[in-house]
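Fold and contact review
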Amino acid sequence: MTVTLHVCITCRAGQTLGEGETTPGKRLHGAILEAGVPDGVNVVPVECLSACSQGCSVALSAPGRWSYVYGRLSDANAQDVVAGAAAYAAAPDGLVPWRSRPEIFRKQSLARIPPIAIVPEAAE
């Protein structure tokens with residue numbers, strides 16, 4: 001099962017950018033790709049994760065697992081984001097033991113979202 005790492009590429013991290021300047025979110029996305037994406041992780045750029053006051057943000061999710069949103073990130077954190085995504089991919093329920101998480105994932109979690117319950121469709 002593939003884990004999705006959503007990276008907000010429109011994030012400005014509170015900065016005023018000049019014409020044509022790359023957003024901090026796009027720089028984070030590029031740094032994550034350069035760091036090397038772990039097996040089983042699909043990196044998806046997204047327009048907004050609605051964590052605008054929290055700096056650059058990413059979200060980890062997979063079907064049947066807890067999902068997480070992390071903020072206050074920059075391209076300097078790319079290696080830790082990749083390590084955290086690998087640990088998440090290895091956890092069958094998405095619950096990575098606290099001490100096994102990179103420090104930024106321990107301290108910069110913005111949200112933890114329970115798995116969505118799948119309701120069987122009613123027979124017609």
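Below you will find a few notes about this structure. (Residues numbered from 1 in each chain as written. Predicted model: local features only at pLDDT ≥ 70, side-chain atom pairs only at ≥ 80, totals over all residues. Heavy atoms only, no water.)

**Let's talk about the pairing of strand E1 (residues 3-8)**
- Of all the six residues making up E1, five are buried; the element is thus mostly covered by neighbouring parts of the structure.
- As judged from the four bridges shared by E1 and strand E3 (residues 56-61), these two strands associate in the antiparallel manner. Bridging across to E3, His6 finds its partner in Ala59. (Buried < 20%, exposed > 50% of the residue type's maximum accessible area, 1.4 Å probe, protein only. Helix = DSSP H or I, 4+ residues; strand = E, 2+ residues; numbered from the N terminus. Pairing = 2+ DSSP bridges.)

**So, the packing of helix H1 (residues 24-35) against helix H2 (residues 78-90)**
- Here H1 crosses H2 at 65 degrees, and the two axes come no closer than 8 Å. As H1 runs across H2, the sense of the crossing is right-handed. On H2, the residues touching Ala31, Ile32 and Ala35 of H1 are Ala78, Gln79, Val81 and Val82.
- Considering only residue class, the contact of H1 with H2 consists of six nonpolar, one polar and no charged. (Axes fitted to C-alpha atoms, helices over the stretch in contact; angles between N-to-C directions. Left-handed = near helix turned anticlockwise from the far one by under 90°. Contact = heavy atoms within 4.5 Å. Nonpolar A, V, L, I, M, F, W, Y, C, P; charged D, E, K, R; others polar.)

**What about unusual backbone geometry?**
- Residue Ser50 is not a glycine yet carries a positive backbone phi of 55 degrees.
- In this fold, Ser50 is placed in the loop between strand E2 (41-46) and E3.
- Positive phi, close to 60 degrees, is recorded for Arg72, a residue that is not glycine.
- Locating Arg72 in the fold gives a position in strand E4 (residues 67-73).
- The class of Arg72 is partly exposed, set by a relative accessible area of 40%.

**Notes on the packing of aromatic side chains**
- Under the defined criterion, the tally for this structure stands at three aromatic pairs.
- Relative to Phe105, the ring of Tyr70 has its centre 3.7 Å away and its plane inclined at 5 degrees; by these criteria the two rings are stacked. With a gap of 35 residues between them, Tyr70 in strand E4 and Phe105 in helix H3 (residues 103-107) connect regions that are remote in the sequence. The same class applies to Tyr70 and to Phe105, which are both buried.
- Among the aromatic side chains, those forming a connected cluster through ring pairs are Tyr68, Tyr70, Tyr88 and Phe105.
- The ring of Tyr88 is capped by Arg65, whose NZ or CZ atom sits 5.6 Å from the centre of that ring.
- Between the NZ or CZ atom of Arg112 and the centre of the ring of Trp66, over which it lies, the distance is 3.9 Å. (Phe/Tyr/Trp six-rings, centres within 6.5 Å; stacked < 30°, edge-to-face > 60°. Lys NZ or Arg CZ within 6 Å of the ring centre and 35° of its normal.)

**Thoughts on the sheet that holds E1**
- Taken together, five strands build an open sheet; the order of strands is E2-E1-E3-E4-E5 and the sheet is mixed. Edge positions in the open sheet fall to E2 and strand E5 (109-113), since each of these has one partner strand only. The mean angle between the axes of side-by-side strands here comes to 15 degrees, regardless of whether they run parallel or antiparallel.
- Sheet analysis places E3 next to E4, joined by four bridges and oriented antiparallel. The partner of Val58 across the bridge, within E4, is Tyr70.
- On the sheet, H1 packs against E1, E2, E3 and E4 and is oriented at approximately 145 degrees with respect to E1.
- Strand contacts of H2: E1, E2, E3 and E4, with the helix running at about 15 degrees to E3, the strand carrying the most contacts.

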